[in-house]
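# Understanding the architecture of this molecule
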Amino acid sequence: MLDAVAVNFKSILDFLSVYVPFTQPLEILRSLVDVSIVSYLTYKLIQLVKETRAWQLVKGIVVILIVAMLSDWLKLRTLAYILNRTIELAGFALVVVFQPELRRGLEQIGRSNFKGFFSFDEKDTTIHTTFTIEEIVKACTELSRTKTGALIVVERETKLGEIINTGTRLDSSVSAELIINIFTPNTPLHDGALILRNNKLKSAACFLPLTDNPNLSKELGTRHRAALGITEVSDCISVVVSEETGKISYALNGGLTRNLTPDILRKALNKNLLEKKSVNKKLALWKGKSK
């Protein structure tokens, strides 16, 4: 038994020695450095793509590659032929599809320093998320009282890098006072949306896509239509304070819930930001009340 294990281990070493010469320490060090650099660059590339909605496209391409390999293995010739031809043309298609991300990535490399390049983001804890929710509720309560219009977008799994780049970067901690000040009328950042990412105020005065839903009430203005529009193309959460009535609304998955109290808003944010949900499960919304 031990002899068989030794033979197998020796065979593995012989196979690896073709790529990593174990008898030469300098070559081993070079190989380790080589693998480490490639692994790190791959990680940074994935991290860069995940900053935008292109991450969803990347996952789709990975699925196509997996299906193509399975079709070859299962001898599904027609499906394999179609997928293989698709993959051959994918190189040209990716340049077109990911053109904004490629340009942005090159710009980021050109203006980044080594400190920023080698930094790693830490995951926020439940305590930080709870604090963020409380600050949003506190700010919306005050904005509702003074009938100050506001549009707050909380990013989730689908990244909103393109939207964030349309506004003014903040990268600041969340506080109700700062949110209130941003939406104060006649200030530079009051017009547009405030984007939150990873419990940070990421960008203000951002432009959002408007919904094309023809069945919306005529009472809804541009702010509400923008809140719905962004939730139709991503899984983010939008909170709106009406400038005319001071009512608080909540948008998710293309649905709008209106006339929320601060307590209901808090429950909605806790439900969708703190509780774990399955990927394919649709989140239910309360039936909207008349304005």
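Reference entry: report on the structure contained in this document. Numbering of residues starts from 1 in each chain and follows the order in which that chain's sequence is written. With the structure being a predicted model, the display of local features is reserved for residues of pLDDT at least 70 and the display and counting of side-chain atom pairs for 80 or more, all residues being used for whole-chain, interface and lining totals. Values reported for side chains reflect all heavy atoms of the structure, with hydrogen atoms and water molecules removed beforehand.

Time to look at the overall build of the chain. Here a strand is any run of E in DSSP of at least two residues, a helix any run of H or I of at least four, and the numbering for each starts at the N terminus. Counting secondary structure elements, the chain contains eleven helices and seven strands. When burial is assessed residue by residue, the chain has 32% of its 291 residues classed as buried. About 18,700 Å² of surface is accessible on the chain, with carbon and sulfur atoms providing 63% of the total. The classification of residues rests on relative accessible area computed with a 1.4 Å probe and restricted to protein chains. Under 20% of the type maximum is buried, over 50% is exposed, and intermediate values are partly exposed. All accessible-area figures derive from a Shrake-Rupley calculation using a 1.4 Å probe, and residue coverage is judged against the displayed protein chains alone.

Here we come to the sheet that holds strand 2 (residues 168-173). Note on pairing: two strands pair once DSSP finds at least 2 bridges between them. If you trace the seven strands from one edge of the open sheet to the other, you get 2-4-3-1-5-6-7, paired in mixed fashion. Each having just a single partner strand, strand 2 and strand 7 (255-260) make up the two edges of the open sheet. Each neighbouring strand pair of the sheet contributes to a mean axis angle of 20 degrees, computed without reference to strand direction. Of the strand pairs in this sheet, strand 5 (residues 237-241) and strand 6 (residues 248-252) are connected by five bridges, and their pairing is antiparallel. Each bridged residue has a counterpart across the sheet, and for valine 239 the counterpart in strand 6 is tyrosine 250. Seen against the sheet, helix 10 (residues 222-232) touches strand 1 (150-154), strand 5, strand 6 and strand 7 and runs at an angle of roughly 175 degrees to strand 5. Contact between two residues is taken to exist if any of their heavy atoms lie within 4.5 Å; hydrogens are not considered. Only the stretch in contact is used when a helix axis is fitted, and all axes are lines through C-alpha atoms; the angle between N-to-C directions ranges over 0 to 180 degrees. Against the sheet, helix 11 (residues 262-273) contacts strand 1, strand 5, strand 6 and strand 7, and its axis sits at roughly 20 degrees relative to strand 6.

Quick look at a nonpolar patch on the surface now. A patch is a set of surface residues, each over 30% in relative accessible area and not in a salt bridge, joined within 9 Å for like charges and within 5 Å for the nonpolar side chains Val, Leu, Ile, Met, Phe, Trp and Tyr. Each reported salt bridge corresponds to a side-chain nitrogen of Lys or Arg within 4 Å of a carboxyl oxygen of Asp or Glu. Side chains of Val62, Val63, Ile66, Val67, Met69, Leu70, Trp73, Leu74, Leu76 and Leu79 sit close together on the surface and give an oily, nonpolar patch of about 950 Å² of accessible area. Here the element with the most residues in the nonpolar patch is helix 3 (residues 54-73); it accounts for seven residues. Within the element layout of this structure, leucine 74 appears in the loop between helix 3 and helix 4 (77-97).

Before going further, it helps to spend a moment on helix 7 (residues 126-145). With 20 residues, helix 7 extends 29 Å between its outermost C-alpha atoms, agreeing within 8% with the 28 Å of an ideal straight helix rising 1.5 Å per residue. Those residues of helix 7 that sit buried are Thr129, Thr132, Ile133, Glu135, Ile136, Val137, Ala139, Cys140 and Leu143. Buried residues in helix 7 make contact with strand 1, helix 9 (176-182), strand 3 (193-197), strand 5, strand 6 and helix 11. Lysine 147, located one to two residues past helix 7, shows a positive phi value of around 55 degrees. Any helix carries an expected span of 1.5 Å times its number of residues minus one.

So, about the nonpolar core. Of all hydrophobic cores here, the largest spans 28 residues; its most connected members are Tyr250, Leu265 and Leu269. For this core, the secondary-structure elements that each account for two or more residues are helix 7, strand 1, helix 9, strand 3, strand 4 (200-206), strand 5, strand 6 and helix 11. With six residues, the top contributor of residues to this core is helix 7. Excluding residues within four positions of it along the chain, leucine 269 makes contact with Ile133, Ile136, Val137, Ile237, Val239, Tyr250 and Leu274. Take the buried residues of types Ala, Val, Leu, Ile, Met, Phe, Trp, Tyr and Cys, join any two whose side-chain atoms come within 4.5 Å, and each joined set is a nonpolar core. Ile195, Leu216, Ala226 and Leu228 belong to the second-largest nonpolar core, a separate cluster that totals 19 residues.

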